[in-house]
Amino acid sequence: MADQPKFNPGVSLAGAVDLEALSHQVKAEPGQTGGAPAAGGYVIDTTENTFQAMVQTSATFPILLFLWIPTDDRLFPMARFLADAVNAMNGQIQMSRIDISAYPSIGQALQVKGAPALFALVGGRPMPLLEGLPTDDELTQIKEQVLPKIVNLAAQSGVTGTAPYSGDPDAVGGTGDGGAAGAAGAGAGADVVPPEHQEAHQLAQAGDYAGAAAAYAKVLESDPSDAVAARERAKALLLARSGSADVREVRAAAADRPDDVEAQLAVADIDMIGGQIQDAFDRLLDFVAAGHKADIEPVRKRLLEYFAIPEPTDARLSAARRRLATLMY
């Protein structure tokens, strides 16, 4: 990608104790007074456990990877500027923030020496953009030139989906965890985890999504009205099935086998993980409507899982439920 911003010194992750870094360290969490800006909108926070699922979604929409240290206030203006620029693009691109002081293996995998660093991620392929603190002119260049180039490059590769919106980052109690299936860590981002959810939440954070789904199922046995447990169980089941799937292979299989219900269920999972909720609903409902009523039961079961993920007031949810009821009778 041409005209990339040049390197400027940032925050080194190696060597002796960095007294300058210590003087800029804050204890407030992102979103708290004096802390870094919160995730939200089209900005998500990614961990080691959710990294692979996030990479998979770059086959659906392009991603700007922002490797940073969220306790270093020198990086806050850059984080705010990039978030505003990405959010202004209304889902054409997602920004994934990665704390490389907490997850150094990701920084090592991308061969960065410090924070901040920026990469474009399209179709699972990372492209380095910048390492080090940019100048104001370079930030403007990223906003006005680099981000549109990433979107155009993605479109040329057939990556044209829309990133999921995860709520207002300034709203009180907003999770900023990437929304429906874009949040690859089931239950991540919740301010307070109920005691009865602790086991399931910890399993999800550890990447054991099958175990998390089983634990959430036990919660639901005790309280079938627990909507949060139902949502997190659905997300965990989704990621246990397809969180590490090869997106291109799944989409190719669905195209090659349009009458195969398992192939269509698999690609609908990919749509949900990528935040393409309407596409997932329509894909399965259209499949049944196209003459596959013999497969209505597996489709119905999968859609009932999906229906637990969006907010109950989501208009897409009520429309899909009505259409499913029509197709069943």
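Let me sum up the structure you'll find in this document. Just so you know, these numbers come straight off a predicted model, no measurement behind them.

### A short note on the packing of helix α10 (residues 261–273) against helix α11 (residues 277–289)
Working step 1: Running from N to C, α10 and α11 point in directions that differ by 165°, and their axes come no closer than 7 Å. Judged by the inter-axis angle, α10 sits roughly antiparallel to α11. With respect to the hand of their crossing, α10 and α11 are arranged in left-handed fashion. Along the contact surface, α10 presents V261, Q264, L265, V267, A268, D271 and M272, while α11 presents I277, D279, A280, R283, L284 and F287.
Working step 2: Split into classes, the residues belonging to the contact of α10 with α11 amount to nine nonpolar, one polar and three charged.

### Topic: the side chain of T46
Working step 1: As for its placement among the helices and strands, T46 is situated in strand β2 (residues 43–46).
Working step 2: Relative accessible area serves as the criterion here: at 3%, T46 is assigned to the buried category.
Working step 3: A polar atom in the side chain of T46 sits 2.6 Å from the side chain of S96.
Working step 4: Here T46 is in contact with F51, M54, S96, R97, I98 and Y103, once residues within four sequence places are set aside.

### Side note on the nonpolar core
As a rule of thumb, nonpolar side chains are buried together in soluble globular proteins.
Working step 1: Ranked by size, the top nonpolar core spans 50 residues in total, and within it L64, L65, L67, L82, L118, L147 and I150 carry the most contacts.
Working step 2: In this structure, A212, L265, F307 and L317 belong to the second largest nonpolar core, which totals 32 residues.

### Things to note about helix α2 (residues 48–57)
Working step 1: Listed in full, the buried residues belonging to α2 are T50, A53, M54, V55, Q56 and T57.
Working step 2: With a side-chain oxygen positioned 3.2 Å from the backbone nitrogen of N49, the residue opening α2 is T47.

### Quick look at the sheet that holds strand β4 (residues 94–99)
Working step 1: The five strands lie next to each other as β2-β4-β3-β6-β7, forming an open sheet whose pairing is mixed. If you trace the sheet from one side to the other, it starts and ends with β2 and β7 (125–131), each paired once. For this sheet the average axis-to-axis angle between neighbouring strands, irrespective of direction, equals 25°.
Working step 2: When strand β3 (residues 63–68) meets β4, the two strands line up parallel, connected through six bridges. Pairing of I63 across the sheet is with Q94, part of β4.

### Brief notes about unusual backbone geometry
Residues apart from glycine generally show negative phi values, whereas peptide bonds are mostly found in trans.
Working step 1: Omega for the peptide link from A115 to P116 comes to 0°, which places this bond in the cis form.
Working step 2: At N90, a residue that is not glycine, the phi angle is positive and equals roughly 55°.
Working step 3: Along the chain, N90 turns up in the loop between α3 (76–87) and β4.
Working step 4: Its relative accessible area of 56% is what places N90 among the exposed residues.
Working step 5: Even without glycine at this site, Q111 takes up a positive phi of about 60°.
Working step 6: You can see Q111 is positioned in the loop between α4 (104–109) and β5 (114–115).
Working step 7: On the accessibility criterion, Q111 (69% relative accessible area) is exposed.

### Observations regarding the packing of aromatic side chains
Working step 1: Evaluated as defined, the whole model comprises two aromatic pairs.
Working step 2: When the ring of F281 is compared with that of F307, the centres are 5.2 Å apart and the planes differ by 85°; the resulting orientation is edge-to-face. One end of the pair, F281, is in helix α11; the other, F307, is in helix α12 (residues 296–307), with 26 residues separating them in the sequence.
Working step 3: By relative accessible area, F307 is classed as buried at 4%.

### A look at the packing of helix α7 (residues 209–222) against helix α8 (residues 227–242)
Working step 1: As a packed pair, α7 and α8 sit with axes 8 Å apart at the nearest point and diverge in direction by 155°. The angle between α7 and α8 falls in the class roughly antiparallel. For the pair α7 and α8, the sense of crossing is left-handed. In this structure, α7 uses Y209, A210, A212, A213, Y216, A217, V219 and L220 to contact α8, whose residues at the interface are A229, A230, E232, R233, A236, L237, L239 and A240.

### Brief notes about the pattern of salt bridges
Working step 1: The final tally for this structure, using the stated rule, is 13 salt bridges.
Working step 2: Between E232 and K235 there is a salt bridge whose closest N-O contact spans 3.4 Å. With a gap of three residues between them, E232 and K235 both fall in helix α8, about one helical turn apart. Per residue, the accessibility class of E232 equals that of K235, and both read buried.
Working step 3: A network of salt bridges, in which partner residues are shared, links R241, D269, R302 and E305.

### Things to note about the pairing of β7
Working step 1: The pairing of strand β6 (residues 117–122) with β7 spans six bridges and is antiparallel. In the strand pairing of β7, L118 is matched with L130.

Procedures and definitions
Residues numbered from 1 in each chain as written. Predicted model: local features only at pLDDT ≥ 70, side-chain atom pairs only at ≥ 80, totals over all residues. Heavy atoms only, no water. Axes fitted to C-alpha atoms, helices over the stretch in contact; angles between N-to-C directions. Helix = DSSP H or I, 4+ residues; strand = E, 2+ residues; numbered from the N terminus. Parallel < 35°, antiparallel > 145°, perpendicular 65-115°, else oblique. Left-handed = near helix turned anticlockwise from the far one by under 90°. Contact = heavy atoms within 4.5 Å. Nonpolar A, V, L, I, M, F, W, Y, C, P; charged D, E, K, R; others polar. Buried < 20%, exposed > 50% of the residue type's maximum accessible area, 1.4 Å probe, protein only. Polar contact = N/O pair within 3.5 Å; in protein donor to acceptor, adjacent residues only side chain to side chain. Core = buried A, V, L, I, M, F, W, Y, C linked by side-chain atoms within 4.5 Å. Pairing = 2+ DSSP bridges. Phe/Tyr/Trp six-rings, centres within 6.5 Å; stacked < 30°, edge-to-face > 60°. Salt bridge = Lys/Arg side-chain N within 4 Å of Asp/Glu carboxyl O.

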